Structures are given as C-alpha cells and as structure tokens.
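# Working through the structure, step by step
Here is how the chains run, residue by residue.
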Amino acid sequence: MFLFIVYPGMNSILLYVGHGILQRHFPFSWDMDKYTGTHAEKLAMNMLGTGLWLLIAYYLFTINFFLKI
C-alpha cells in the first residue's frame, strides 16, 4: 500500500499540471448527460482517471524521470 503513495509523490507537480491540462479529455473523463448520468458512471470515470494517473506515475518512476523545480 505504501508504494501507491511513493510513485505519485515523486512527480506530484507533473501529475498536477497534467491533470489540469487533460482533465476534459477522453481517457480521463467523458461527457455524461446532466440528468441521467448515474453515480456509478461518475465513480467509474473518476476511478479510471485516478488509475491512469497512477500508471503514469509508476511508468515515470520506472524510467527514472523526475520533474524538479
């Protein structure tokens, strides 16, 4: 469980900026009907987006890419 905290923390600024730029694009979110979008669909969309960002963080960790300011 500890490893899921370490990987995103190593590139937290990159993940924050990436989420800000890509938050309205397909793999991370999609359009839902305002009135018929269910809670389950919203939950699935947010869990998929979070899982993708965790995979991106893990990949960046494995190739030793760290954004430093």
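This text gives an overview of the structure that appears in the document. What you see is a predicted model; the values in this text were computed from it and never measured. (Residues numbered from 1 in each chain as written. Predicted model: local features only at pLDDT ≥ 70, side-chain atom pairs only at ≥ 80, totals over all residues. Heavy atoms only, no water.)

### Quick look at the overall build of the chain
What counts here: Runs of H or I in DSSP of at least four residues are treated as helices and runs of E of at least two as strands, each being numbered from the N terminus. The globule rule is 2.2 Å times the number of residues to the power 0.38, and the radius of gyration it is compared with is taken over C-alpha atoms. Each residue is placed in one exposure class: buried if its accessible area under a 1.4 Å probe, protein chains only, is under 20% of its type's maximum, exposed if it is over 50%, and partly exposed if it falls in between. In this analysis, two residues are considered to be in contact whenever any of their non-hydrogen atoms come within 4.5 Å of each other.
Within the chain, the secondary structure is distributed over 3 helices and 0 strands. Along the chain direction, N to C, the helices and strands of the chain fall in the order α-α-α. For 69 residues, the compact-globule formula gives about 11 Å, and the C-alpha radius of gyration of the chain, at 14 Å, lies well above that figure. When the backbone C-alpha atoms are referred to their principal axes, the chain occupies close to 45 × 25 × 15 Å. Looking at the chain as a whole, 19% of its 69 residues qualify as buried. The contacts of the chain with a sequence gap of at least 6 include a subset with a gap of at least 24, amounting to 66%.

### A closer look at unusual backbone geometry
Its identity as a non-glycine residue notwithstanding, Asn-64 has a phi of 55°, on the positive side. Given the relative accessible area of 59%, Asn-64 is considered exposed.

### Regarding the packing of helix α2 (residues 12-22) against helix α3 (residues 39-62)
The condition is simple: Axis definition: a line fitted to C-alpha atoms, limited for helices to the stretch in contact. Angles are taken between N-to-C directions and run from 0 to 180 degrees. Should an angle fall under 35 degrees it is called roughly parallel, over 145 degrees roughly antiparallel, and 65 to 115 degrees roughly perpendicular, with every other angle called oblique. With the far helix as reference, a near helix turned anticlockwise by less than a right angle produces a left-handed crossing, and one turned clockwise produces a right-handed crossing.
Put simply, α2 and α3 touch, their axes get as near as 11 Å, and they point 140° apart. It follows that α2 is oblique to α3 by the angle criterion. For the element pair α2 and α3, the recorded crossing hand is right-handed. Contact residues: α2 offers Leu-14, Leu-15, Gly-18, His-19 and Leu-22, while α3 offers Trp-53, Ile-56, Ala-57 and Leu-60.

### Looking at α3
Short version of the rule: Under the convention used throughout, the expected extent of a helix is 1.5 Å for every residue step, that is, one less than its residue count.
The terminal C-alpha atoms of α3 lie 34 Å apart, and with 24 residues this matches the ideal 34 Å at 1.5 Å per residue to within 8%. Within α3, burial applies to Met-45, Gly-49, Trp-53, Ala-57 and Leu-60. With its phi angle positive at about 55°, Asn-64 sits one or two positions after the end of α3.

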